[in-house]
Amino acid sequence: MERRPPKTAPWTINDSADLYGIREWGHGYFDVSPKGEVVVNLKDGKKPKPVSLSEIVKGLRERGTQLPVLIRFGDLLRWRIDELNEGFHSAIKEAKYQGLYRGVYPIKVNQQQEVIEEITRYGRKYHYGLEAGSKPELIAALAYMHDPEAYIVCNGYKDEEFIDLALNAQKMGLQVILVLEMPSELALILERSKKMGVRPTLGVRFRLSAESAGYWSGSGGDASVFGLNISQLMGVVDHLRDQGMLDCLRMLHYHQGSQIPNIRAIRQAVTEATRVYCGLVKEGARMGILDLGGGLAISYDGFKGATSASSNYGTKEYCADVIEAITEVTAEAGVPHPDIITESGRAVVAYYSVLVINILDVNRFEPGRGKIELHKDSPQLLHNLAELREEFGKDASKLTRDRVQEIYNDAVYYRDKLRTEFNYGKVGLRERSQGEEMYWSIMTWISGKLESVGHDGSQMERMSTVMTDYYYGNFSVFQSLPDLWAIDQIFPVMPIHRLKEKPTRNAVLSDITCDSDGKIDKFAHGGEICGSLPLHDPDFEKGEDYMLGIFLVGAYQETLGDLHNLLGDTNVVSVSIENGKLKYRREQEGDSVSEVLSYVEYDPKDLATRFRNLAESAVVSKRITATERREIMGAYDAGLRGYTYFET
Ligand SMILES: *Cc1c(COP(=O)(O)O)cnc(C)c1O
């Protein structure tokens, strides 16, 4: 790592923006305002206007909505729909490509009604369609998608009911494509379509070769679970030919997996799939559509790398490369350009929601604050450590990096020796505690000096910054960020205010479940992945809130969340601006305690009765009075009605 020069200029909002990387992962949607607050750019009319998240939260609080709250921005969703569709349209124009782009949105990535409504309403100008992976998703899709030029792609395992529904929708004029995920589905589809007198529109999902799967085996890897291999594919073609139905085979589909960070892997898959597509055309299938599935990645860490939290390409490049690869292969094979479908989910909805939480408490790491009194007969090691501390009072301008390194080396040596002597019984408990206190106070001092002597990522630097506070945030990782827990995904986290101030603490963020996994201890900031996040010292005494935003949580997080520790859905609100004024819509209260308890089959009435019995026997045995019973029951009932998160 490069050595960063000492910094003496006062802290500015730009330093905060750099530190938290908001201008990298924020993609122009999020930024820091001159007031030191995180702003989201919302479209008021045509021009985006920055709106402060703290202001939004303030308005919510005035209306009685508590934190944590999930805020949705329909503007960002629409912006993404534009970016993807216009990306393909301009790539198509530039390359003089003969086919159309007709994207579909995969419902499973965020099934919220608002999302489906926006995709079908706003996306209509692009004939943007839907992908349904199950019967319930198809049932939702058919209620909203009535554009005869958009596609409804049906993936997933299909029973008779699913197939009939799809065929009936086709009869009514919608473009529904039934994708074969397994060879065995074909017989049932053909049987049902004969019965209903419909010629089905068929797609087939192809399993890409193992070699190309290697690139993303860490992120997706479902290429091996779904789809037909090449000989199964030929089996389908032969069967359709025998039945005189080769004209029904219209589409080739594949899905590489989600969040594919490397554009090279994308190109490789498109190339292979286009070859297969051309082969199917030459076999006599009608074809006309190539569906590239999902996988378009976004950068959660703000880097442009090919790591799983990152992406080494943007939407524009993705579109251009896809078109180029298809053009090359089809030209060689002499096959007309197919229409293109992509099923990008994450890239369309991730930016759309932000979780705002408040910090409830802080467990500060504050060693060596008390005065340590040593005696003549205290162990020599303690006197040695105390001598190192005398350096603290000296003229800091004369301090060199080498001297700091020396102090560090000595402190580590004395501390280790002290521990050994403790194990041999030569040093007492209180003495060891004094020694460790001094050691940590030296580390704290060193970490404060790094700024003036320069950083270089050395062992010393790492040691002196492991001193982290625990910040307790009002949220549940399991409910709101399931992928953080399940697959170690990184999400951008940062304070939404106080960004004119330099953060002075280093923190791990704990949630309010009592699970040891209920924490965030991997953050992308300052250009690397760190175990802690620089944060400000909250001033709880002044009654001030300290609020953090957790960003890019619009994809996959909402419905994967669970009720660990019975913490339920958070409050939710959609925010936009109209004529310069904030507009709150679709406010949904999060789960109440009694709702969450009924999900796990408690009956709230029965709970109250049981608790009342306990209270009544306490009255009988004179532990409490009848009036106290009333108050206690009142509190229990209020608890049942309340929010599952910490209320203020
Ligand atoms: C999950 C899924 C998608 C969405 O993938 P993203 O990486 O979110 O774009 C698309 N197609 C299929 C078949 C899927 O299973």
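Starting from 1, residues in each chain are numbered consecutively following that chain's sequence as written. Where local features are concerned, this predicted model is filtered to residues with pLDDT of at least 70; where side-chain atom pairs are given and counted, the filter is 80 or more; whole-chain, interface and lining totals use all residues. Just so you know, side-chain values use all the structure's heavy atoms and leave hydrogens and water out.

Per an unreviewed UniProt entry, the recorded name for the protein chain is Arginine decarboxylase, and the organism is Prosthecobacter algae. UniProt positions are given in the numbering used here, feature names are shortened, and annotations may be inferred rather than shown by experiment. You can read under Function (unreviewed entry) in the UniProt record for the protein chain the words "Catalyzes the biosynthesis of agmatine from arginine." Its UniProt record gives the protein chain a comment under Sequence similarities (unreviewed entry), which states: "Belongs to the Orn/Lys/Arg decarboxylase class-II family. SpeA subfamily."

Enquirer: Explain the overall build of the protein chain here, please?
Expert: The number of helices and strands found in the protein chain is 23 helices and 23 strands. Taking the principal axes of its C-alpha atoms as reference, the protein chain extends roughly 100 × 75 × 60 Å. Two residues form a contact once any of their heavy atoms are found within 4.5 Å. In the protein chain, the share of contacts with a sequence separation of at least 24, taken over all contacts with a separation of at least 6, comes to 75%. Surface accessibility follows the Shrake-Rupley procedure with a 1.4 Å probe radius. Residue values consider only the protein chains on display as shielding. Carbon and sulfur atoms make up 50% of the accessible area of the protein chain, which totals about 29500 Å². Asp and Glu count as negative and Lys and Arg as positive, but His and the ends of the chain are not part of the count. To locate a charge, take atom NZ for lysine, CZ for arginine, CG for aspartate or CD for glutamate. Side-chain charges of the protein chain comprise 77 positive and 93 negative groups, with the mean position of each set lying 2 Å from the other. Only DSSP runs of H or I with at least four residues qualify as helices, and only runs of E with at least two residues qualify as strands; both kinds are numbered from the N terminus onward.

Enquirer: When you look at helix H3 (residues 53-62) in this model, what are you seeing that I'm missing?
Expert: A turn of α-helix holds 3.6 residues, and therefore any two residues three or four places apart point the same way. For the exposure calls, accessible area comes from a 1.4 Å probe over protein chains only, and a residue counts as buried if that area is under 20% of its type's maximum, exposed if over 50%, partly exposed in between. Listing the buried residues of H3 in full gives Leu53, Ser54, Ile56, Val57, Gly59 and Leu60. Measuring from the backbone nitrogen of Ser54 back to the side-chain oxygen at the start of H3 gives 3.1 Å, which picks out Ser52 as the cap. The positive-phi residue at the C-terminal boundary of H3 is Gly64, with phi of around 90 degrees. Polar contact is defined as a pair of N or O atoms within 3.5 Å, subject to the rule that within protein one atom must be able to donate a hydrogen and the other to accept it, and that residues adjacent in sequence are counted only when both atoms are side-chain atoms.

Enquirer: Where do I start with the packing of helix H11 (residues 263-282) against helix H12 (residues 315-333) in this structure?
Expert: Any two packed helices are characterised by how steeply their axes cross, that is the angle between the axes, and by the distance between the axes. Angles run from 0 to 180 degrees between N-to-C directions of axes, and those axes are lines fitted to C-alpha atoms, restricted for helices to the stretch in contact. Where H11 contacts H12, the two axes come as close as 9 Å, and the packing angle between them is 35 degrees. The hand of the H11/H12 crossing is right-handed. Residue-level inspection shows Ile263, Ile266, Arg267, Val270, Thr271, Thr274, Arg275, Cys278 and Lys282 of H11 in contact with H12, the latter providing Glu317, Tyr318, Asp321, Val322, Glu324, Ala325, Ile326, Glu328, Val329, Thr330, Glu332 and Ala333. By the definition used in this description, the sense in which the near helix is turned from the far one sets the handedness, with an anticlockwise turn below a right angle giving left-handed and a clockwise turn giving right-handed.

Enquirer: Before we go on, may I ask you to explain the packing of aromatic side chains in this structure?
Expert: Here the distance between the centres and the angle between the planes together describe a pair of aromatic rings. Pairs were defined over the aromatic rings of Phe, Tyr and Trp, the Trp ring being its six-membered one, requiring ring centres within 6.5 Å. Orientation was assigned from the angle between planes: stacked under 30 degrees, edge-to-face over 60, tilted for the rest. Tallied over the entire structure, the rule returns 17 aromatic pairs. Cluster of aromatic residues (ring-pair linked, three or more members): Phe88, Tyr101, Tyr313 and Tyr318. Directly above the ring of Trp79 sits Lys43, whose terminal nitrogen or CZ lies 4.5 Å from the centroid. Over a ring means this: the NZ of a Lys or the CZ of an Arg is within 6 Å of the ring centre and within 35 degrees of the ring normal. A cation over a ring is seen here: Arg415 above Tyr439, with NZ or CZ 4.2 Å from the ring centre.

Enquirer: How should I be thinking about a nonpolar patch on the surface in this particular structure?
Expert: In this analysis, a patch consists of residues with relative accessible area above 30% that form no salt bridge, clustered at 9 Å for like charges and at 5 Å for the nonpolar side chains Val, Leu, Ile, Met, Phe, Trp and Tyr. In what follows, salt bridge is the name for a side-chain nitrogen of Lys or Arg lying within 4 Å of a carboxyl oxygen of Asp or Glu. A cluster of nonpolar side chains, namely Leu566, Tyr599, Val600 and Tyr602, defines an oily patch on the protein surface of about 370 Å² accessible area. Checked against the element boundaries, Tyr599 lands in helix H21 (residues 593-599). For Tyr599, a relative accessible area of 47% puts it in the partly exposed group.

Enquirer: Would you explain the UniProt feature "domain: Arginine decarboxylase helical bundle" (unreviewed entry) in the protein chain in this entry?
Expert: Here, the residues flagged by UniProt with the feature "domain: Arginine decarboxylase helical bundle" (unreviewed entry) are residues 376-453. Along residues 376-453 the backbone is 74% helical and 0% strand, and the end-to-end C-alpha distance reaches 35 Å.

Enquirer: Please clarify how the environment of Asp483 should be interpreted in this entry.
Expert: Secondary-structure assignment places Asp483 in helix H19 (residues 482-487). Taking the relative accessible area as the measure of exposure, Asp483 reaches 8% and is therefore buried. Separated by 74 residues in sequence, Asp483 and Gln557 place their C-alpha atoms 6.8 Å apart. In this view, Asp483 contacts Asp488, Gln489, Phe491, Tyr556, Gln557 and Leu560; residues no more than four positions away in its chain are not counted.

Enquirer: Before we go on, may I ask you to explain the sheet that holds strand E11 (residues 289-291) in this structure?
Expert: Spatial ordering of the open sheet is given by E5-E6-E7-E8-E9-E10-E11-E12, a layout of eight strands whose pairing is parallel. Of all strands in the sheet, those bounded by a partner on one side alone are strand E5 (104-106) and strand E12 (339-341). Strand-to-strand twist across the sheet, computed as the mean angle between neighbouring axes with direction ignored, equals 25 degrees. DSSP calls a pair of strands paired once it identifies at least 2 bridges connecting them.

Enquirer: I would appreciate a short explanation of the packing of helix H4 (residues 74-94) against helix H5 (residues 113-122) in the present structure.
Expert: Between H4 and H5, the least distance of the axes is 10 Å, while the angle of their chain directions is 45 degrees. Here H4 is positioned oblique relative to H5, judged by the angle of their axes. Pair H4 / H5 crosses with right-handed handedness. Residues Leu77, Arg78, Ile81 and Asp82 of H4 lie in contact with H5, whose contacting residues are Val115, Glu118, Ile119, Arg121 and Tyr122. Only Asp, Glu, Lys and Arg are considered charged, only Ala, Val, Leu, Ile, Met, Phe, Trp, Tyr, Cys and Pro nonpolar, and every remaining residue, Gly among them, polar. Residue composition of the contact of H4 with H5, by class: five nonpolar, no polar and four charged. Angular relationships are summarised with four words: roughly parallel below 35 degrees, roughly antiparallel beyond 145, roughly perpendicular across 65 to 115, and oblique for the angles in between.

Enquirer: Which parts of the structure should I look at to understand the site of the ligand?
Expert: What surrounds the ligand is a group of 16 residues, the closest being Lys108, Ser258, Glu343, Gly345 and Tyr556. Residue Ser258 places a side-chain N or O atom 2.5 Å away from an oxygen atom belonging to the ligand. The contact in question runs from an oxygen atom of the ligand to an N or O atom on the backbone of Gly295, over 3.0 Å. Notes on the ligand: free accessible area 390 Å², of which the protein chains cover 93%. Along the lines of polarity and charge, the residues of the shell around the ligand split into three nonpolar, eight polar and five charged. Only a single heavy atom is needed: when it lies within 4 Å of a molecule or strand, its residue is near that molecule or strand.

Enquirer: Is there a simple way to think about the environment of Val354 in this case?
Expert: Residue position: Val354 is located in strand E13 (residues 353-363). Remark: the alpha-carbon pair of Val354 and Phe73, spanning 281 residues in sequence, is separated by 8.4 Å. What Val354 contacts, discounting residues up to four positions off in sequence, is Phe30, Leu53, Val69, Leu70, Ile71, Phe73, Gly549, Ile550, Phe551 and Val553.

Enquirer: Whenever I open this one, the domain arrangement of the protein chain confuses me. Can you help?
Expert: Interface size is commonly expressed as the accessible surface area that is lost when the partners come together. Where each domain starts and ends follows an automatic or database-derived domain assignment. Under the domain assignment, the protein chain is made up of domain 1 (1-72 + 348-363 + 468-590), domain 2 (97-344), domain 3 (380-465) and domain 4 (605-641). Each of domain 2 and domain 4 has a C-alpha centre, and the two are 59 Å apart.

Enquirer: Would you take a moment to explain the pairing of strand E6 (residues 129-132) for this structure?
Expert: The side chains of a regular strand alternate, residue by residue, between the two faces of the sheet. Along E6, one buried face is formed by Gly129 and Glu131 and the opposite face, lined by Leu130 and Ala132, is buried too. Here three bridges tie E5 to E6, and the two strands are oriented parallel to one another. By the bridge assignment for E6, Val104 is matched with Gly129. Note on handedness: a crossover is taken as right-handed if, strands pointing away from the viewer, the path from the first strand over the helix to the second is clockwise. The β-α-β motif built from E5, the intervening H5 and the parallel element E6 has right-handed crossover chirality. Here E6 runs beside strand E7 (residues 151-154); their pairing, made up of three bridges, is parallel.

Enquirer: What is the right way to read the sheet that holds strand E2 (residues 38-44) from this model?
Expert: Backbone-to-backbone hydrogen bonds join strands into a sheet, with any given pair of strands oriented parallel or antiparallel. Spatially, E1-E2-E3 is the arrangement adopted by the three strands of the open sheet, whose pairing is antiparallel. Edge positions in the open sheet fall to strand E1 (30-32) and strand E3 (47-52), since each of these has one partner strand only. This sheet shows a mean twist of 45 degrees between the axes of neighbouring strands, independent of strand direction. Examined bridge by bridge, E2 and E3 share six bridges and lie antiparallel to one another. Opposite Asp44, over in E3, you have Lys47 as the bridge partner. Most of the contacts of H4 go to E2, to which it runs at about 70 degrees, and overall it touches E1, E2 and E3.

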